[in-house]
Amino acid sequence: MIATLLVIPLTLLGMQQQDSIAARLAGRVSPDIATLVERLGTAAATRGLPVDPLIQKAIEGSAKGVSSERVATAVSWVAMQLDTAAAALREGGVVTDTLVIAAGEFAISAGLSNHDITALARTGASVAALTVGLRVAGTLAAMGVPSAENIALISAKLRSGQPAGDLLSVPARVQAEISRGVTPAQAAAGLERAAAAQASHGPPPGHGNPPPHPAPPPHPGPPPHP
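Quick summary incoming for the structure in this document. Keep in mind the model is a prediction, meaning the values are calculated, not measured.

1. Looking at the nonpolar core
- Judged by nonpolar contacts, the single largest core of 53 residues is most densely connected at Leu-25, Val-37, Leu-54, Leu-89, Leu-130 and Ile-154.
- Residue contributions to this core peak at nine residues, all from helix H4 (residues 68-91).
- Sequence-distant contacts of Leu-89, that is, excluding residues within four places in its chain, are made with Val-94, Thr-96, Val-100, Ile-101, Ile-117, Ala-121, Leu-130 and Leu-134.

2. Points about the environment of Ile-101
- Relative to the assigned elements, Ile-101 resides in helix H5 (residues 98-109).
- Using a relative accessible area of 1% as the deciding quantity, one classes Ile-101 as buried.
- Those residues in contact with Ile-101 that lie beyond four places of it in its chain are Gly-48, Leu-49, Pro-50, Leu-82, Ala-85, Ala-86, Leu-89 and Thr-96.

3. Considering the packing of helix H7 (residues 127-142) against helix H10 (residues 170-179)
- At a minimum axis distance of 9 Å, the contact between H7 and H10 shows a crossing angle of 25°. The orientation of H7 relative to H10 falls into the category roughly parallel. The interaxial crossing formed by H7 with H10 has right-handed handedness. Contacts between H7 and H10 involve Val-136, Thr-139 and Leu-140 on the former and, on the latter, Val-170, Pro-171 and Val-174.

4. Brief notes about H7
- Here H7 contains 16 residues, and its C-alpha end-to-end distance of 23 Å stays within 8% of the 22 Å for a straight helix at 1.5 Å per residue.
- Of all the positions in H7, only Leu-130, Thr-131, Val-132, Gly-133, Leu-134, Val-136, Ala-137, Gly-138, Leu-140 and Ala-141 are classed as buried.
- Packed against the buried residues of H7 are H4, H5, helix H6 (114-121), helix H8 (147-160), helix H9 (164-168) and H10.

What counts and what doesn't
- Residues numbered from 1 in each chain as written.
- Predicted model: local features only at pLDDT ≥ 70, side-chain atom pairs only at ≥ 80, totals over all residues.
- Heavy atoms only, no water.
- Core = buried A, V, L, I, M, F, W, Y, C linked by side-chain atoms within 4.5 Å.
- Buried < 20%, exposed > 50% of the residue type's maximum accessible area, 1.4 Å probe, protein only.
- Helix = DSSP H or I, 4+ residues; strand = E, 2+ residues; numbered from the N terminus.
- Contact = heavy atoms within 4.5 Å.
- Axes fitted to C-alpha atoms, helices over the stretch in contact; angles between N-to-C directions.
- Parallel < 35°, antiparallel > 145°, perpendicular 65-115°, else oblique.
- Left-handed = near helix turned anticlockwise from the far one by under 90°.
- Expected span 1.5 Å × (residues − 1).

Have a look at this one:
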(Lines give C-alpha, C1' and ligand atoms only; values in the text may rest on other atoms or scores of the structure.)
Protein backbone atom coordinates (compact mmCIF):
# COMPACT_ATOMS: atom_id res chain seq x y z
CA MET A 1 0.00 0.00 0.00
CA ILE A 2 2.80 2.42 0.96
CA ALA A 3 4.70 1.59 -2.23
CA THR A 4 1.60 2.35 -4.25
CA LEU A 5 1.14 5.71 -2.51
CA LEU A 6 4.75 6.60 -3.30
CA VAL A 7 4.57 5.58 -6.94
CA ILE A 8 1.39 7.50 -7.72
CA PRO A 9 2.78 11.00 -6.89
CA LEU A 10 5.99 10.24 -8.79
CA THR A 11 3.98 9.11 -11.78
CA LEU A 12 1.84 12.25 -11.67
CA LEU A 13 4.94 14.39 -11.30
CA GLY A 14 6.50 12.74 -14.33
CA MET A 15 3.35 13.31 -16.38
CA GLN A 16 3.22 16.98 -15.34
CA GLN A 17 6.92 17.42 -16.14
CA GLN A 18 6.44 15.91 -19.60
CA ASP A 19 3.48 18.20 -20.28
CA SER A 20 5.52 21.25 -19.21
CA ILE A 21 8.50 20.29 -21.38
CA ALA A 22 6.28 19.52 -24.35
CA ALA A 23 4.53 22.88 -24.04
CA ARG A 24 7.82 24.78 -23.99
CA LEU A 25 9.18 22.90 -26.99
CA ALA A 26 6.02 22.95 -29.08
CA GLY A 27 6.72 24.39 -32.54
CA ARG A 28 10.34 25.17 -31.66
CA VAL A 29 12.08 21.83 -32.20
CA SER A 30 11.47 18.77 -34.34
CA PRO A 31 9.23 16.00 -32.96
CA ASP A 32 12.13 13.60 -32.44
CA ILE A 33 14.10 16.18 -30.46
CA ALA A 34 11.02 17.01 -28.40
CA THR A 35 10.61 13.33 -27.56
CA LEU A 36 14.26 13.04 -26.54
CA VAL A 37 14.15 16.13 -24.33
CA GLU A 38 10.93 14.98 -22.68
CA ARG A 39 12.52 11.62 -21.85
CA LEU A 40 15.81 13.06 -20.58
CA GLY A 41 14.09 15.92 -18.77
CA THR A 42 11.63 13.69 -16.94
CA ALA A 43 14.44 11.38 -15.85
CA ALA A 44 16.56 14.35 -14.75
CA ALA A 45 13.73 15.85 -12.70
CA THR A 46 13.23 12.60 -10.78
CA ARG A 47 16.93 12.79 -9.77
CA GLY A 48 16.59 16.39 -8.60
CA LEU A 49 18.36 17.86 -11.64
CA PRO A 50 17.27 20.98 -13.53
CA VAL A 51 15.43 20.62 -16.80
CA ASP A 52 15.94 24.11 -18.22
CA PRO A 53 19.47 23.50 -19.57
CA LEU A 54 18.18 20.61 -21.67
CA ILE A 55 15.32 22.66 -23.07
CA GLN A 56 17.53 25.66 -23.75
CA LYS A 57 20.13 23.57 -25.57
CA ALA A 58 17.49 21.96 -27.77
CA ILE A 59 15.88 25.29 -28.66
CA GLU A 60 19.25 26.96 -29.24
CA GLY A 61 20.46 24.26 -31.62
CA SER A 62 17.21 24.10 -33.53
CA ALA A 63 17.06 27.89 -33.90
CA LYS A 64 20.52 27.83 -35.46
CA GLY A 65 19.46 25.23 -38.00
CA VAL A 66 21.71 22.52 -36.55
CA SER A 67 20.85 18.99 -37.67
CA SER A 68 18.66 16.89 -35.38
CA GLU A 69 21.50 14.40 -34.88
CA ARG A 70 23.86 17.09 -33.58
CA VAL A 71 21.17 18.64 -31.39
CA ALA A 72 20.40 15.22 -29.91
CA THR A 73 24.09 14.69 -29.16
CA ALA A 74 24.38 18.13 -27.53
CA VAL A 75 21.29 17.62 -25.37
CA SER A 76 22.48 14.19 -24.25
CA TRP A 77 25.86 15.71 -23.37
CA VAL A 78 24.19 18.39 -21.25
CA ALA A 79 22.29 15.66 -19.39
CA MET A 80 25.58 13.95 -18.55
CA GLN A 81 27.14 17.24 -17.45
CA LEU A 82 24.24 17.88 -15.09
CA ASP A 83 24.87 14.52 -13.43
CA THR A 84 28.59 15.30 -13.24
CA ALA A 85 27.95 18.72 -11.68
CA ALA A 86 25.54 17.33 -9.10
CA ALA A 87 27.99 14.59 -8.09
CA ALA A 88 30.87 17.09 -7.84
CA LEU A 89 28.83 19.41 -5.63
CA ARG A 90 27.81 16.55 -3.35
CA GLU A 91 31.48 15.54 -3.13
CA GLY A 92 32.16 19.06 -1.87
CA GLY A 93 29.51 18.71 0.83
CA VAL A 94 26.90 20.95 -0.78
CA VAL A 95 23.21 20.18 -0.47
CA THR A 96 22.30 20.87 -4.05
CA ASP A 97 19.36 22.60 -5.62
CA THR A 98 18.57 22.97 -9.31
CA LEU A 99 20.05 26.47 -9.59
CA VAL A 100 23.50 25.55 -8.29
CA ILE A 101 23.53 22.35 -10.37
CA ALA A 102 22.71 24.37 -13.49
CA ALA A 103 25.52 26.77 -12.61
CA GLY A 104 27.88 23.83 -12.19
CA GLU A 105 26.87 22.47 -15.59
CA PHE A 106 27.50 25.90 -17.12
CA ALA A 107 31.00 25.94 -15.62
CA ILE A 108 31.75 22.43 -16.88
CA SER A 109 30.50 23.26 -20.36
CA ALA A 110 32.89 26.25 -20.35
CA GLY A 111 35.86 23.98 -19.68
CA LEU A 112 36.13 23.43 -15.92
CA SER A 113 36.34 19.93 -14.46
CA ASN A 114 34.36 18.12 -11.81
CA HIS A 115 37.36 18.57 -9.48
CA ASP A 116 37.17 22.34 -10.02
CA ILE A 117 33.48 22.30 -9.08
CA THR A 118 34.22 20.30 -5.93
CA ALA A 119 37.02 22.71 -4.97
CA LEU A 120 34.64 25.67 -5.14
CA ALA A 121 31.98 23.75 -3.21
CA ARG A 122 34.49 23.17 -0.40
CA THR A 123 35.00 26.89 0.19
CA GLY A 124 32.08 26.81 2.60
CA ALA A 125 30.19 29.52 0.73
CA SER A 126 26.42 29.61 0.86
CA VAL A 127 24.57 27.89 -1.97
CA ALA A 128 23.45 31.29 -3.29
CA ALA A 129 27.02 32.64 -3.35
CA LEU A 130 28.36 29.38 -4.81
CA THR A 131 25.80 29.59 -7.61
CA VAL A 132 27.10 33.03 -8.57
CA GLY A 133 30.71 31.89 -8.16
CA LEU A 134 30.22 28.95 -10.52
CA ARG A 135 28.66 31.20 -13.15
CA VAL A 136 31.55 33.65 -12.87
CA ALA A 137 34.12 30.84 -12.98
CA GLY A 138 32.50 29.52 -16.15
CA THR A 139 32.64 32.99 -17.69
CA LEU A 140 36.34 33.32 -16.81
CA ALA A 141 37.03 29.90 -18.33
CA ALA A 142 35.36 31.04 -21.56
CA MET A 143 37.61 34.12 -21.46
CA GLY A 144 40.69 31.92 -21.43
CA VAL A 145 41.61 32.03 -17.75
CA PRO A 146 43.34 28.71 -16.87
CA SER A 147 41.55 26.58 -14.31
CA ALA A 148 44.27 26.90 -11.63
CA GLU A 149 44.15 30.72 -11.56
CA ASN A 150 40.40 30.69 -12.11
CA ILE A 151 39.62 28.46 -9.13
CA ALA A 152 42.15 30.23 -6.90
CA LEU A 153 40.54 33.60 -7.62
CA ILE A 154 36.93 32.51 -7.21
CA SER A 155 37.78 30.49 -4.08
CA ALA A 156 39.37 33.57 -2.53
CA LYS A 157 36.33 35.65 -3.39
CA LEU A 158 33.91 33.07 -1.97
CA ARG A 159 35.89 32.68 1.26
CA SER A 160 36.01 36.44 1.74
CA GLY A 161 32.24 36.54 2.07
CA GLN A 162 32.01 39.60 -0.15
CA PRO A 163 28.62 40.43 -1.70
CA ALA A 164 27.53 38.85 -4.97
CA GLY A 165 27.96 42.16 -6.77
CA ASP A 166 31.71 41.99 -6.17
CA LEU A 167 31.83 38.49 -7.66
CA LEU A 168 29.84 39.57 -10.68
CA SER A 169 32.32 42.36 -11.37
CA VAL A 170 35.26 39.95 -11.65
CA PRO A 171 35.01 39.19 -15.40
CA ALA A 172 34.99 42.90 -16.25
CA ARG A 173 37.99 43.50 -14.00
CA VAL A 174 39.88 40.61 -15.60
CA GLN A 175 39.02 41.96 -19.05
CA ALA A 176 40.26 45.39 -18.04
CA GLU A 177 43.61 43.91 -17.01
CA ILE A 178 43.84 41.93 -20.25
CA SER A 179 43.26 45.12 -22.22
CA ARG A 180 46.35 46.54 -20.52
CA GLY A 181 48.47 43.78 -22.04
CA VAL A 182 48.62 41.04 -19.40
CA THR A 183 47.55 37.45 -20.01
CA PRO A 184 44.26 36.07 -18.62
CA ALA A 185 46.25 33.98 -16.14
CA GLN A 186 48.23 37.01 -14.94
CA ALA A 187 45.07 39.09 -14.63
CA ALA A 188 43.33 36.45 -12.50
CA ALA A 189 46.42 35.85 -10.37
CA GLY A 190 46.75 39.57 -9.63
CA LEU A 191 43.13 39.83 -8.54
CA GLU A 192 43.50 36.70 -6.42
CA ARG A 193 46.48 38.20 -4.58
CA ALA A 194 44.51 41.38 -3.96
CA ALA A 195 41.53 39.39 -2.64
CA ALA A 196 43.77 37.34 -0.34
CA ALA A 197 45.47 40.48 0.99
CA GLN A 198 42.12 42.13 1.62
CA ALA A 199 40.82 39.06 3.41
CA SER A 200 43.87 39.03 5.71
CA HIS A 201 43.30 42.67 6.69
CA GLY A 202 39.54 42.44 7.14
CA PRO A 203 36.77 44.17 5.17
CA PRO A 204 37.41 47.57 3.64
CA PRO A 205 36.31 50.70 5.54
CA GLY A 206 32.56 51.04 5.65
CA HIS A 207 31.94 47.31 5.02
CA GLY A 208 32.65 45.85 8.46
CA ASN A 209 30.48 45.75 11.53
CA PRO A 210 29.26 49.20 12.59
CA PRO A 211 30.80 50.63 15.75
CA PRO A 212 28.69 50.27 18.88
CA HIS A 213 26.36 53.13 19.68
CA PRO A 214 27.53 55.29 22.57
CA ALA A 215 25.73 54.76 25.84
CA PRO A 216 22.95 57.26 26.47
CA PRO A 217 23.79 60.00 29.00
CA PRO A 218 22.59 59.31 32.54
CA HIS A 219 19.25 60.71 33.53
CA PRO A 220 19.62 63.74 35.78
CA GLY A 221 18.87 63.08 39.42
CA PRO A 222 16.11 64.84 41.35
CA PRO A 223 16.79 68.47 42.24
CA PRO A 224 18.17 69.06 45.74
CA HIS A 225 15.67 69.92 48.47
CA PRO A 226 15.82 73.51 49.58
